[in-house]
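# Structural characterization, general
The chain contents come next:
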Amino acid sequence: MEVRARQLAVGRRRAAREALRRVFGFEDFRPGQEEAVSAALRDRDALVVMPTGSGKSLCYQLPALMRDDLTVVVSPLVALMHDQVRALRELAPGVVEVVNSQRGGGANAEAVARAVHGDVRLLYVAPERFGSVGFASRIRDARVGLFVVDEAHCVSQWGHDFRPDYLCLAAAARGVGASAVVGVTATATPRVAADIVLALGLRDPARVTTGFDRPNLTFSVVRCGGWLDKRRRVAAALGCVDALPAIVYTGTRAAAEELSFRLAGALGLGAGEGVVCYHAGLDPGARARAQERFMSGKARVMVATNAFGLGIDKPDVRTVCHASVPASLEAYYQEAGRAGRDGRPARCLLFAEPRDKGLHVFFIQRSRVSDAALEGVAERLKWAGLDGRYDVPVADLAAGVGFDGSHRGGARTESSSEDDVVRAIIGHLAAARVLEPEPAPADRVAGRVVEGWDRRALALCREAARDAERERWRGYRAVWEYVEGSRCRREVLLAHFGDRAAGKPAVACCDVCAPAGSPAERDPGLCSGGSGPRAPRLRAA
Ligand code: ADP
Ligand code: MG
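Residues numbered from 1 in each chain as written. Chains lettered and ligands numbered in written order. Predicted model: local features only at pLDDT ≥ 70, side-chain atom pairs only at ≥ 80, totals over all residues. Heavy atoms only, no water.

## Section: the overall build of the protein chain
Threshold: In this text, helices come from DSSP runs of H or I with a minimum length of four residues, and strands from runs of E with a minimum of two, each type numbered from the N-terminal end. Exposed residues in this analysis have more than 50% of their type's maximum accessible area, buried residues have under 20%, and partly exposed residues fall in between, with area computed by a 1.4 Å probe over protein chains only. Note on definitions: a residue-residue contact is assigned when non-hydrogen atoms from the two residues lie within 4.5 Å. For every accessible area listed, the method is Shrake-Rupley and the probe measures 1.4 Å; residues are considered covered only by the protein chains on display.
Secondary structure summary: the protein chain contains 20 helices and 16 strands in total. Per-residue burial for the protein chain yields a buried fraction of 53% across its 541 residues. Looking at the protein chain alone, contacts between residues at least 24 apart form 76% of all its contacts between residues at least 6 apart. Surface accessibility of the protein chain: about 23400 Å² in total, with carbon and sulfur atoms responsible for 52%.

## Side note on the sheet that holds strand β3 (residues 96-99)
Threshold: Any two strands with at least two DSSP bridges between them are considered paired. As a rule, the C-alpha atoms of each element are fitted with a line to give its axis, helices using only the stretch in contact, and angles between N-to-C directions run from 0 to 180 degrees.
In space, the seven strands of this open sheet follow the order β3-β4-β2-β5-β6-β1-β7, with parallel pairing throughout. Each of the sheet's edge strands pairs with one partner strand only, and the pair in question is β3 and β7 (206-209). Neighbour-to-neighbour, the strand axes of the sheet open up by a mean angle of 15°, direction not taken into account. In this structure, strand β1 (residues 46-49) lies alongside strand β6 (residues 180-185), joined through four bridges in parallel fashion.

## Some words on the packing of helix α12 (residues 329-336) against helix α19 (residues 489-496)
Our working rule: Helix crossings fall into two classes, left-handed where the near helix is turned counterclockwise from the far one by less than a right angle and right-handed where it is turned clockwise.
The geometry of α12 relative to α19 is characterised by a closest axis approach of 10 Å and an angle of 115° between their N-to-C directions. Relative to α19, the crossing made by α12 is left-handed. Judged by residue contacts, Leu329, Glu330, Tyr332 and Tyr333 of α12 engage Val492, Leu493, Leu494 and His496 from α19.

## Here we look at the site of ligand 1
Rules: The near set for a molecule or strand comprises every residue that places at least one heavy atom within 4 Å of it. Contacts described as polar in this section are N or O atom pairs within 3.5 Å, which, within protein, must combine one atom able to donate a hydrogen with one able to accept it, while residues neighboring in sequence count only if both atoms come from side chains. Under the convention adopted here, Pro, Cys and the residues Ala, Val, Leu, Ile, Met, Phe, Trp and Tyr are nonpolar, Asp, Glu, Lys and Arg are charged, and Gly plus all remaining residues are polar.
By nearness alone, 14 residues border ligand 1, and Asp28, Gln33, Gly53, Lys56 and Ser57 come closest of all. In this structure, glycine 55 approaches ligand 1 through a main-chain N or O atom, which is 3.1 Å from an oxygen atom. Between an oxygen atom of ligand 1 and a side-chain N or O atom of serine 57, the distance comes to 2.4 Å. In isolation ligand 1 offers 570 Å² of accessible surface; the protein chains occlude 71% of this area. Classifying every residue of the shell around ligand 1 by side-chain character gives three nonpolar, six polar and five charged.

## Details of α19
It helps to recall that an α-helix has 3.6 residues per turn; residues three or four apart then point in one direction. Buried within α19 are the following residues: Arg489, Arg490, Val492, Leu493 and Leu494. Buried-residue contacts for α19 involve β8 (217-223), α12 and α18 (455-484). Trailing α19 by a residue or two, glycine 498 shows a phi angle of about 70°, which is positive.

## With respect to the packing of helix α13 (residues 354-366) against α18
Definition in use: Relative orientations are named as follows: roughly parallel for angles under 35 degrees, roughly antiparallel for angles over 145 degrees, roughly perpendicular for angles from 65 to 115 degrees, and oblique for any other angle.
At a closest axis distance of 10 Å, the pairing of α13 and α18 adopts a crossing angle of 175°. In terms of axis orientation, α13 runs roughly antiparallel to α18. In contact with Asp356, Lys357, His360, Val361, Ile364 and Gln365 of α13, α18 contributes Glu469, Arg472, Trp473, Tyr476, Val479, Trp480 and Glu484. For the contact of α13 with α18, the residue count by class is six nonpolar, two polar and five charged.

## Digging into the sheet that holds strand β16 (residues 444-449)
Taken in spatial order, the three strands make up an open sheet running β14-β16-β15, and their pairing is antiparallel. Only two strands of the sheet have a single partner each, and these edge strands are β14 (389-393) and β15 (435-438). Each strand of the sheet is rotated relative to its neighbour by a mean of 30°, with strand direction disregarded. In the sheet, β15 pairs with β16 via four bridges, with the strands oriented antiparallel. When the sheet's bridge partners are listed, glutamate 436 is paired in β16 with arginine 448. Each of β14, β15 and β16 is contacted by helix α14 (residues 371-384), which is oriented at about 115° to β14, the strand it contacts most.

## What to know about the pattern of salt bridges
Side chains carrying opposite charge are able to pair once their charged atoms draw close together. Applied cut-off: Take a side-chain nitrogen of Lys or Arg and a carboxyl oxygen of Asp or Glu: if they are within 4 Å of each other, that pair is a salt bridge.
Summed over all chains, the structure comprises 35 salt bridges. Two residues, aspartate 213 and arginine 490, come together in a salt bridge whose shortest N-O distance is 2.9 Å. You can see aspartate 213 sitting in the loop between β7 and β8 and its partner arginine 490 sitting in helix α19, a full 277 residues away along the chain. Judged by relative accessible area, which is 19%, aspartate 213 ranks as buried. Among the ionic pairs, glutamate 491 bridges to arginine 487, the shortest N-O distance being 3.6 Å. Each of the salt bridges in this network shares a partner with another, and the network as a whole consists of Arg13, Arg17, Asp28 and Glu34.

## Side note on the packing of aromatic side chains
What counts, and what does not: Here a pair means two rings of Phe, Tyr or Trp (six-membered ring of Trp) with centres within 6.5 Å. Their orientation is stacked below 30 degrees between planes, edge-to-face above 60, and tilted elsewhere. Here, a charge over a ring means that NZ of Lys or CZ of Arg falls within 6 Å of the ring centre while also lying within 35 degrees of the ring normal.
The tally for this structure, following the rule as stated, stands at 11 aromatic pairs. Three or more aromatic residues link up through ring pairs in this structure, and these residues are Phe212, Phe219, Tyr333 and Phe497. Of note, lysine 314 hangs over the ring of phenylalanine 294, and the distance from its end group to the ring centre comes to 5.2 Å. The ring of tyrosine 482 has arginine 489 sitting right over it, with the charged end atom 5.7 Å from the ring centre.

## A short note on the confidence of the model for the protein chain
What counts here: pLDDT measures the predictor's confidence residue by residue and takes values from 0 up to 100.
For the protein chain, mean pLDDT is 86; residues scoring 70 or higher make up 89% of the total. No element of the protein chain has a lower mean pLDDT than helix α16 (residues 405-408), at 41, and none a higher one than strand β12 (residues 319-322), at 98. In the model, residues 404-410 has pLDDT below 50 throughout and makes six contacts with residues more than four positions away in sequence or in other chains. pLDDT under 50 marks residues 528-538. Its contacts with residues more than four places away, or in other chains, come to 20 contacts.

## Regarding the side chain of aspartate 45
Position of aspartate 45 among the secondary structure elements: in the loop between α2 (33-41) and β1. Separated by 2.8 Å, the side chain of aspartate 45 and the backbone nitrogen of valine 181 make a polar contact. Aside from chain neighbours lying at most four places away, what touches aspartate 45 is Ala180, Val181, Gly201, Leu202, Arg203, Asp204, Pro205 and Ala206.

## Focus on the environment of glutamate 375
Within the secondary structure, glutamate 375 is located in helix α14. Residue glutamate 375 is classed as partly exposed on the basis of its relative accessible area of 34%. Along the primary structure glutamate 375 and leucine 458 are separated by 83 residues, whereas in three dimensions their C-alpha atoms are 7.9 Å apart. Residues in contact with glutamate 375, not counting those within four places in the same chain, are Trp453 and Leu458.

## Section: the pairing of strand β9 (residues 246-249)
Going residue by residue along β9, you find Ala246 and Val248 tucked away on one face and Ile247 and Tyr249 tucked away on the opposite face as well. Relative to strand β11 (residues 301-304), β9 runs parallel, the two sharing four bridges. Counterpart to valine 248 in the pairing with β11 is valine 303. Sheet topology note: the β9/β12 ladder contains four bridges and is parallel. From the neighbouring strand, tyrosine 249 faces β12, where its bridge partner is histidine 322.

Right, dumping it as structure tokens:
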């Protein structure tokens, strides 16, 4: 018996390698991939946590193409979905389909019909599709093998992109009769990982974690006196040899616009040409142009809010600057990790000023959930629709609980924190079993009201809200320990994800570890390693 099982395992491994070469043209698996593929071929639930750019998609695409049933891939970003589908269709023509709101009803229906008929191996689906009863019951007629949830950290209240509608994906997976559920993410602290297992209902999952170390990245924190000083130092950093292409993240849309303009001047690169700007307030055409210029190498610097980046696979980014301190180390590591995906040396610079800290405190305090806000949302949803169902824009709820436009102020951060508060409240109400969220487009919330709003429910919600605030403070402490502490930056980052550094990195480790007297230590905002600043080209930023 055991011999037979071993033979089977060996056979599967050989077949997987053969398919890896034939379909993808890759000689070898990267760390973690073979384990994940093997779990998926054995119908075993899995949680795959691997850093950005390490090749997570292959972990489910390869087994999907080897299996003879349907793999459903739930992915939260339509743009990302289209990129993946386009690339995959070239490798495996005729067996990859996509269903989302950007396509017409006819095209979607045809894709589903082909899937049900058994002609499709991979079906990419936006999460809100499972809110449609028609869709869910159609898919039930297909033979579903793997049910994959990409960006699975969205299911965790402790993650930094919580989406309440992800909470019902476990039910969706069961509903379509999937034989295994696979969660995939790049950013999961041990706590978030445990949450994903619970929320996706993974049964004794194979856990594939490759470690978070990025040995080709150098981490530095640059303390700045204020915004002008920051601007100057960011410009200086980007003026160094081999600093470009670079991404500069700002905390607000206004800062992105101002800084892109200033950097264009300082670097002599031209605003809108060599330096482009990207945030969610720009019209889609302008965003697409900025992205295209940067991706194709025509623009050398991208100045953006966190709206830019998810799913962006530009391998040769040499520097990622943060011109303000992000709200959590998860967010920081995910964004900084867009540097050096090609494995060559790259730098991650975090520019911090004392004011950043005050802003964090302000945002946390402002997002404190009052009883009135909890009750406001519960009441609104109770009356929002017929027979206990609701489907409303997040912004309406934000307005309804007293977050009107005046709170938003002039400095727009991306996900407006009011919307985040509403999502958090929905999460608390779901935890108290007052609501059952259902999938909805990113700017809406939908679901069912299941129970009356009573004192017990209020107490449960309050507790969930307190937990959430504690978690935010934990994030705040972690990020500021990183900024203000004197421990090796890499060590702090890896410890945060429950990992340890695996030996010496291939490049200068960080500004803390840099040997005394090195340029990196004297002024990490300038240049690291042996390459000196390209000072003559710099003009005042
Ligand atoms: P992630 O989702 O983890 O951020 P992707 O799945 O988008 O990363 O993969 C990143 C890149 O790595 C892609 O260009 C992909 O083709 C490449 N890649 C994945 N697996 C391998 C492999 N085994 N060998 C070589 N390249 C790979
Ligand atoms: Mg991915």
